[in-house]
Amino acid sequence: WEADARHYHWGHKPKSNAIEDKKVVMQNFSFISTAPENHQAALMTKNASMWLTSQEEAIAYGDMVHEILSQIITVEDIQPALANAVEQGDLNHKEALAYEQSFMKMVNHPELNSYFSDAYTVYTEKELLVDHTYKRLDRLCLKNKEAIIIDYKTGSYSPDHKVQLNEYAEAIKKLGYTVKKGV
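These remarks concern the structure in this document. (Residues numbered from 1 in each chain as written. Predicted model: local features only at pLDDT ≥ 70, side-chain atom pairs only at ≥ 80, totals over all residues. Heavy atoms only, no water.)

## Section: the environment of tyrosine 99
Here comes step 1: Tracing the backbone through its elements, the reader meets tyrosine 99 in helix α4 (residues 93-107).
Here comes step 2: On a C-alpha basis, the gap between tyrosine 99 and valine 65 in space is 8.2 Å, while along the polypeptide they are 34 residues apart.
Here comes step 3: Sequence-distant contacts of tyrosine 99, that is, excluding residues within four places in its chain, are made with Tyr61, Met64, Val65, Ile68, Leu82 and Leu91. (Helix = DSSP H or I, 4+ residues; strand = E, 2+ residues; numbered from the N terminus. Contact = heavy atoms within 4.5 Å.)

As structure tokens, this is what we get:
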């Protein structure tokens, strides 16, 4: 270790003469180019349909919904979040349109729309440490020491969902907030 040194070198990489040993042959190829939207192909790298089972597809769908919704604070964030999912190869354009319709219904629902506006300070997919236990809330909306907890569910209803919301509410209360609503 040398305090003044900014670069260190270990060993050396021998120069290869492989290029000199090979005869390079150039060929002319003709290419036909068309706009990608004219193709009937889509490349999906993370699509649940590759896994085949309906249970895994349902889990992947729920994970995708949570991932996209974690990027949405206000209604204006829907399209950028979906564009990001398409860019990452998580969704194709047709799927993104279906998600957009669902998300628009949700964020414009009369009982939910204020929670997707600038009226609240919003935290998504944040973990709380309360009584040595971590709780990960899908969406926590705070205003004037009042909290609204939103827990996204994509599967069938279970009584455990209410229990989970109650656990989140108790954790939030211990942090000094009044829980106004749990959805």
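Let us keep going from here.
## What to know about the packing of helix α3 (residues 78-87) against α4
Here comes step 1: Packing of α3 against α4 leaves a shortest axis separation of 10 Å and a crossing angle of 155°. On the basis of the axis angle, α3 is roughly antiparallel to α4. You can see that α3 and α4 cross each other, and the crossing is right-handed. Facing Ile78, Gln79, Leu82 and Val86 of α3, the residues of α4 in contact are His93, Ala96, Tyr99, Glu100, Phe103, Met104 and Val107.
Here comes step 2: Each residue belonging to the contact of α3 with α4 can be placed in one class, and the counts come to eight nonpolar, two polar and one charged. (Axes fitted to C-alpha atoms, helices over the stretch in contact; angles between N-to-C directions. Parallel < 35°, antiparallel > 145°, perpendicular 65-115°, else oblique. Left-handed = near helix turned anticlockwise from the far one by under 90°. Nonpolar A, V, L, I, M, F, W, Y, C, P; charged D, E, K, R; others polar.)

## Comments concerning the sheet that holds strand β3 (residues 146-150)
Here comes step 1: An order of β1-β2-β3-β4 is seen for the four strands of this open sheet, with the pairing classed as mixed. Edge positions in the sheet fall to β1 (121-130) and β4 (178-182), since each has one partner strand and no second. Between one strand axis and the next, the sheet turns through 40° on average, direction left out of account.
Here comes step 2: On top of the sheet, helix α5 (residues 159-174) reaches β1, β2 (133-143), β3 and β4; it is set at about 75° to β2, its chief contact. (Pairing = 2+ DSSP bridges.)

## Structural notes on the pattern of salt bridges
Here comes step 1: Enumeration over the complete set of coordinates arrives at seven salt bridges.
Here comes step 2: Between lysine 153 and aspartate 151 there is a salt bridge, and its shortest N-O distance comes to 2.9 Å.
Here comes step 3: A residue is classified by how much of its surface remains accessible, and lysine 153, at 38% relative accessible area, is partly exposed.
Here comes step 4: Look at aspartate 151 and you get buried, because its relative accessible area is 10%.
Here comes step 5: The salt bridge involving glutamate 170 is made with lysine 173; its shortest N-O contact spans 3.5 Å. Of the two residues, glutamate 170 and lysine 173 are both situated in helix α5; the distance of three residues between them amounts to about one turn of the helix.
Here comes step 6: We classify glutamate 170 as partly exposed; its relative accessible area is 42%.
Here comes step 7: On the basis of relative accessible area, lysine 173 is assigned to the partly exposed category, the value being 44%.
Here comes step 8: Connected through shared salt-bridge partners, Glu125, Glu127 and Arg136 make up one network. (Salt bridge = Lys/Arg side-chain N within 4 Å of Asp/Glu carboxyl O. Buried < 20%, exposed > 50% of the residue type's maximum accessible area, 1.4 Å probe, protein only.)

## Here's the deal with the side chain of aspartate 151
Here comes step 1: Its place among the elements puts aspartate 151 in the loop between β3 and α5.
Here comes step 2: A polar atom in the side chain of aspartate 151 sits 2.9 Å from the side chain of lysine 153.
Here comes step 3: Residue contacts for aspartate 151: discarding those within four places in its chain leaves Asp138, Gln164, Leu165, Tyr168 and Val183. (Polar contact = N/O pair within 3.5 Å; in protein donor to acceptor, adjacent residues only side chain to side chain.)

So yeah, pure geometry; function would need other evidence.
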